[in-house]
Amino acid sequence: MQKRLLGTSGLEVSAIGLGCMGLSYGYGPATDKDEAIRLIRAAFERGVTFFDTAEAYGPFANEELVGEALQPVRDQVVIATKFGFQDGDSNKGQDSRPERIRAVVEASLKRLRTDRIDLFYQHRVDQNVPIEDVAGAVRDLIAEGKVKHFGMSEAGVQSIRRAHAVQPLAALQSEYSLWWREPEKEIFPLLEELGIGFVPFSPLGKGFLTGKIDAGTRFDDKDFRNLVPRFTQQSRQANQVLLDRLGQIATAKGITTGQIALAWLLAQKPWITPIPGTTKLHRMEENSAAADVSLTTDELSAINSALSNIEIQGARYPEHLQKRVDG
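Rules used in this analysis
Residues numbered from 1 in each chain as written. Predicted model: local features only at pLDDT ≥ 70, side-chain atom pairs only at ≥ 80, totals over all residues. Heavy atoms only, no water. Buried < 20%, exposed > 50% of the residue type's maximum accessible area, 1.4 Å probe, protein only. Helix = DSSP H or I, 4+ residues; strand = E, 2+ residues; numbered from the N terminus. Contact = heavy atoms within 4.5 Å. Pairing = 2+ DSSP bridges. Axes fitted to C-alpha atoms, helices over the stretch in contact; angles between N-to-C directions. Right-handed = clockwise from strand over helix to strand, strands pointing away. Salt bridge = Lys/Arg side-chain N within 4 Å of Asp/Glu carboxyl O.

A. Spotlight on helix α9 (residues 281–289). All of the buried residues in α9 are R283, M284, E286, N287 and S288. As for α9, its buried residues are in contact with β3 (18–19), α1 (33–45) and α8 (257–268).

As structure tokens, then:
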């Protein structure tokens, strides 16, 4: 698989990574452990070298899974994890105090079966802790060799700029896809200015952009999409028009709708590396193959034309979760 550099940090990753959250958390029952390990190792065999997890995914179960799966190839991969919630529980408040960050590192290193974390993200900006203190704590961990690179997730322009002045960021991770393009407005120009890479999560619109979800789809009771306004039956029905247009372009090219969505992301900037997640081996293979898809100028124009004529329905988060996103 092709490789990309995350900004000017020197951190090289596969053009498409693997978001591991869904194997343990968020989309219904956890995947069988042995199956999940096989999927992660199969991704590596297909050229994926960038794996994303967090202490909050479980909590803790996903880091343990990723650590066991990647232990045999540890020196050939980049592992990203995150800190920032009380007791590692995303249902509790935020906690990015320097002493908590240090405690998270020590615990995550053990679960991940490694002596360093390649990319350590603040999961969400903590309004109670100055971002300079957070960046300073990570800077100290980098000096000690326990962390290699610093990142932030869903952070706003001012927080990014202030943190970067203390400890340069290698990457920002935020939601970005064909149906959520907000980062293009203010975030992308800043990342380009500062030399920071961008890692889109939910690059397939939490599964919607694969074309396998429609107005009649029912989700598991534990699936968080049941709470997302964009996934109400009415919203899915309204947003189907985008899928229909993408499907036409994909069919003409002989690829899938999901591959169109990922290839479009890769075409936006050379420092973008999406991390689609899946629990299915064949879907992981499909996603990884999107790294080899090149969209022509005409195809990109057709996609952009479709996007400009379609208003996506439904908020991307329920209101109580949206408040966690830093402006």
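B. Seen up close, the sheet that holds strand β6 (residues 117–122). With parallel pairing, the 7 strands of this open sheet are ordered in space as β3-β4-β5-β6-β7-β8-β9. The two strands at the open ends of the sheet, each matched to only one other strand, are β3 and β9 (197–201). Taken together, the 4 bridges between strand β7 (residues 147–153) and strand β8 (residues 169–175) define a ladder with parallel strand orientation. The partner of G151 across the bridge, within β8, is A171. Contacts from helix α3 (residues 98–111) reach β5 (78–83), β6 and β7, with the element oriented near 140° to β6.

C. Representation of the pairing of β5 in the model. Counted residue by residue, β5 has 6 buried out of 6 residues, so it is predominantly covered. Alignment of strand β4 (residues 50–52) against β5, held across 3 bridges, turns out to be parallel. Residue pairing across strands places F50 opposite V78, the latter belonging to β5. As a crossover connection, the stretch from β4 through helix α2 (residues 61–70) into β5 is right-handed.

D. Layout of the pattern of salt bridges. Counted under the stated rule, the structure contains 27 salt bridges. With a shortest N-O distance of 2.5 Å, R46 and E285 are connected by a salt bridge. Of this pair, R46 sits in the loop between α1 and β4 while E285 sits in helix α9, and the two are 239 residues apart along the sequence. Judged by its relative accessible area of 36%, R46 is partly exposed. Across the salt bridge formed by E182 and K185, the nearest N and O atoms sit 3.3 Å from each other. We classify E182 as partly exposed; its relative accessible area is 38%. Take K185: its relative accessible area is 59%, and that puts it in the exposed class. Beyond isolated ion pairs, a larger network of salt bridges with shared partners links R102, E106, E144 and K146.

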